[in-house]
Amino acid sequence: MEHPGIVASGVSALGSHSADLVAVDQADGYIRRSELASMIDEYALDNAADRPNVQLRVVGDEYWPFEHGQRYAPLPIVALDLLDSADERSRRAGQELLNRL
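Notes on the structure in this doc start here. Owing to the predicted nature of the structure, the values given are computational and were not obtained by experimental measurement. Just so you know, the residues in each chain are numbered from 1, in the order the chain's sequence is written. The predicted origin of the model limits local features to residues at a pLDDT of at least 70 and limits the giving and counting of side-chain atom pairs to 80 or more, whereas totals for whole chains, interfaces and linings rest on all residues. Excluding hydrogens and water, the side-chain values take into account all heavy atoms of the structure.

### Looking at helix 2 (residues 75-83)
Applicable threshold: Each residue gets one of three labels from its accessible area relative to the maximum for its type: buried under 20%, exposed over 50%, partly exposed in between, using a 1.4 Å probe on protein chains only. Helical segments are the DSSP runs of H or I of at least four residues, strand segments are the runs of E of at least two, and each set is numbered from the N terminus. The arc in question is formed by the directions pointing from the helix axis toward the C-beta atoms. Throughout, a residue-residue contact means that at least one pair of heavy atoms, one from each residue, lies within 4.5 Å.
For helix 2, every residue scored as buried is listed here: Leu75, Val78, Ala79, Asp81 and Leu82. End-on view of helix 2: buried residues confined to an arc of 165°, all on one side of the axis. Looking at the buried residues of helix 2, the elements they touch are strand 2 (27-32), strand 3 (54-59) and helix 3 (88-100).

This is the structure:
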């Protein structure tokens, strides 16, 4: 998640929004479509992995909503990404973040 082209969200942005959840073996973030192929090559990402531990949400460059250099998604986006999780604890943390708004 330290790659400069990724904006951390969901479980990877928990600390930036003081969410009550810890996830050490997962990563979640946004990447521009134009950077996806190089990211797949550089980190040997496998879209068909049996137990994926990285979720990258690919956004078309023309729709990229984040500021240059932004490292973490804003609280509403992080909350919605957590609510979209299959993990009950993540959904609960997402709801708690939404309740702050």
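Structure's up, so let's keep going.
### A short note on the packing of aromatic side chains
So the rule is basically this: Think of it this way: a Phe, Tyr or Trp ring, Trp meaning its six-membered ring, pairs with another when their centres are within 6.5 Å, and the plane angle makes it stacked under 30 degrees, edge-to-face over 60, tilted otherwise.
Here the structure, examined in full by the defined rule, presents 2 aromatic pairs. Ring plane angle 55° and centroid distance 5.3 Å describe the contact between Tyr30 and Phe66, whose orientation is recorded as tilted. Pair noted here: Tyr30 is in strand 2 and Phe66 is in the loop between strand 3 and helix 2, with a separation of 36 residues, a long-range link. Accessibility classification places Tyr30 together with Phe66 in one group, the buried group. Measuring from ring centre to ring centre gives 5.1 Å for Trp64 and Phe66, while their planes differ by 75°; the resulting arrangement is edge-to-face. For the pair Trp64 and Phe66, one class covers both residues: buried.

### Thoughts on the environment of Glu96
With respect to the helices, strands and loops of the structure, Glu96 is situated in helix 3. Classification of Glu96 as partly exposed rests on a relative accessible area of 35%. For the pair formed by Glu96 and Asp20, sequence separation is 76 residues and the distance between their alpha carbons is 8.3 Å.

### Examining the packing of helix 2 against helix 3
Quick note on the threshold: Axis lines are fitted through C-alpha atoms, for helices just across the contact stretch, and the angle between N-to-C directions can take any value from 0 to 180 degrees. Any angle that falls under 35 degrees is termed roughly parallel, while one over 145 is termed roughly antiparallel, one within 65 to 115 roughly perpendicular, and all others oblique. Each crossing is labelled by how the near helix is turned from the far one, with a counterclockwise turn of less than a right angle marking it left-handed and a clockwise turn marking it right-handed. Throughout this entry, Asp, Glu, Lys and Arg are counted as charged residues, while Ala, Val, Leu, Ile, Met, Phe, Trp, Tyr, Cys and Pro are counted as nonpolar. The remaining residues, Gly among them, count as polar.
Where helix 2 contacts helix 3, the two axes come as close as 7 Å, and the packing angle between them is 150°. Relative to helix 3, the element helix 2 lies roughly antiparallel. Along this stretch, helix 2 crosses helix 3, giving a crossing that reads as left-handed. Residues Leu75, Val78, Ala79, Leu80, Leu82 and Leu83 of helix 2 pack against Ser90, Arg91, Ala93, Gly94, Gln95, Leu97, Leu98 and Arg100 of helix 3. Residues that form the contact of helix 2 with helix 3 fall into these classes: 9 nonpolar, 3 polar and 2 charged.

### A short note on unusual backbone geometry
Phi angles above zero are rare outside glycine, and Ala44 is one such case at about 50°. Along the chain, Ala44 falls in the loop between helix 1 (33-43) and strand 3.

### Quick notes on the sheet that holds strand 2
Where we set the bar: In this description, strands pair whenever DSSP reports at least two bridges between them.
The strand order across the open sheet built from 3 strands is 1-2-3, with neighbouring strands paired in mixed fashion. In this open sheet, the two edge strands, each paired with only one partner strand, are strand 1 (6-8) and strand 3. Mean inter-strand twist for the sheet, computed between neighbouring axes without regard to direction, equals 30°. Alignment of strand 1 against strand 2, held across 3 bridges, turns out to be antiparallel. Bridge pairing in strand 2 places Val7 opposite Tyr30. Contacts from helix 1 reach strand 1, strand 2 and strand 3, with the element oriented near 125° to strand 2.

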